[in-house]
Amino acid sequence: MILYDSTGTLEPLLLERGIPEPDKEKDYLIDPQTFALMFFNEFPGYDLYKVLYSTELVEDPPEGEDWSVGRWEWIVVGEPSLASDSIGTGMVAAAWLDWKNVETWLSGLDVEADVYGPAIPYVLRPMNGDYKDNLGRLHLKDDWSTPDDWAGEEIYPYAISSSNVIVVGGPLVNLAAEYYNDFTDAFVFSEYGDGFYAPGCWSRTTQGPYWEGMAPVMAADDELWYESTVATPDDHVGYAIIAAYKDLNETKGFIVYGYTAEDTYYACYALRGGGLEWLQHVQYGVTSIVLRIDYEELHPVSFHVEEELGPFTECTGAYTNFKTSQYYDNYNAGKQMVEDRAGELGICYKLVDIEKCGQVHPDP
């Protein structure tokens, strides 16, 4: 729990939960049945509080009992975004509910809709008339519905910072995606080239004339970064990323966006069609994937996982080297588990074709 002073004169105070021990005093306790707060100490001057908590997955809930495994507090699209992002959020929210029984609580915008929706909640904090500080960095708001000039007594402290946030749509139309663009292990804004940049994939990020002092490798730019052209009848390939990140404020982000609006839509479509369950079977350490979308055969499109990335490297996602017999065994076992889970949930009809092509590229 964090205590705040509504006047802004006192620094936030972090409290420790638990029953007081002989050699160590705790600050408060939460009744597990009623969720009532019991304070063991007094904290003069502090009149606001925020409780941080986590939930656990219930693998086998007792028969006949209701169960819940938590929720995403937010699903966010950009204020200037296209309708493709908005309809994509519906599929992402449905994916979490269908496959994991995790609800999405609130929808919101990245920044305030001054003209057409000033009362719609937004998640980024205004800074000096803009949303970026002097260093060009974005900041999340601490709660969603208390205006900066609010003078009333009643507040609605639905947290943003420290909450769970789904972001749909890329940085060009969603500043919440730009916030996470500084952290995820696959992102679209970089100084090295156009397209999705994967720092952990060394052979796709250290070649070419972008690195002075190294022998250039003759490769076209589109072989080094993943990008899609503007949607045309001849555009048969698209790319998107799906990534997760937890920032220093404990804000959990699940980020989904494509190189084009069309790519964003189909990345959401893939998650609803089994992609979310696929993510449960990648090897530990994977934080981001690059998804290739094949549009040649509509409908349905087909999907290929091109990269499975961590903070400093890439992997096949199958606990083994690429295209060995064990690789195919693990891949087929994961595919079977996804199909079995869809059968248990009665949503086999939503499954789409997703292939894993996460080739590990050799070091340059």
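A. Molecular detail of the pattern of salt bridges. The full count for this structure, using the stated rule, is eight salt bridges. Salt-bridge contacts for Asp 182 lead to Arg 137; the nearest nitrogen and oxygen are separated by 3.1 Å. One end of the pair, Asp 182, is in the loop between helix 2 (175-181) and strand 9 (237-246); the other, Arg 137, is in the loop between strand 7 (103-109) and strand 8 (164-168), with 45 residues separating them in the sequence. Owing to a relative accessible area of 35%, Arg 137 belongs among the partly exposed residues under this scheme.

B. Molecular detail of the packing of aromatic side chains. Overall, the coordinates contain 19 aromatic pairs when judged by the stated rule. Between Tyr 122 and Tyr 131, the ring centres sit 6.4 Å apart and the planes meet at 90°, which makes this aromatic pair edge-to-face. When sorted by exposure, Tyr 122 lands in the same class as Tyr 131, which is buried. Summarising the aromatic geometry, the rings of Tyr 266 and Tyr 295 are spaced 5.5 Å apart at their centres and angled 75° between planes, so their arrangement reads as edge-to-face. Residue Tyr 266 is located in helix 3 (residues 261-278), and its partner Tyr 295 is located in the loop between strand 11 (288-294) and strand 12 (302-309); the two are separated by 29 residues in the primary sequence.

C. Quick look at the nonpolar core. If you look at the biggest cluster of nonpolar residues, it comprises 73 residues, and the most contacted ones within it are Val 92, Phe 254 and Phe 303. Per element, the largest residue contribution to this core is eight residues, and it comes from helix 3. Those residues in contact with Val 92 that sit more than four places away from it in its chain are Ile 75, Ile 166, Val 168, Phe 254, Cys 268 and Leu 271. Leu 3, Leu 15, Ile 30 and Phe 43 belong to the second largest nonpolar core, which has six residues in total.

D. The environment of Ala 261, seen in detail. Examined against the element boundaries, Ala 261 turns out to sit in helix 3. Separated by 173 residues in the primary sequence, Ala 261 and Gly 88 place their C-alpha atoms 9.7 Å from one another. Filtering out sequence-adjacent residues up to four positions away, Ala 261 remains in contact with Leu 82 and Ser 84.

Calculation criteria
Residues numbered from 1 in each chain as written. Predicted model: local features only at pLDDT ≥ 70, side-chain atom pairs only at ≥ 80, totals over all residues. Heavy atoms only, no water. Salt bridge = Lys/Arg side-chain N within 4 Å of Asp/Glu carboxyl O. Helix = DSSP H or I, 4+ residues; strand = E, 2+ residues; numbered from the N terminus. Buried < 20%, exposed > 50% of the residue type's maximum accessible area, 1.4 Å probe, protein only. Phe/Tyr/Trp six-rings, centres within 6.5 Å; stacked < 30°, edge-to-face > 60°. Core = buried A, V, L, I, M, F, W, Y, C linked by side-chain atoms within 4.5 Å. Contact = heavy atoms within 4.5 Å.

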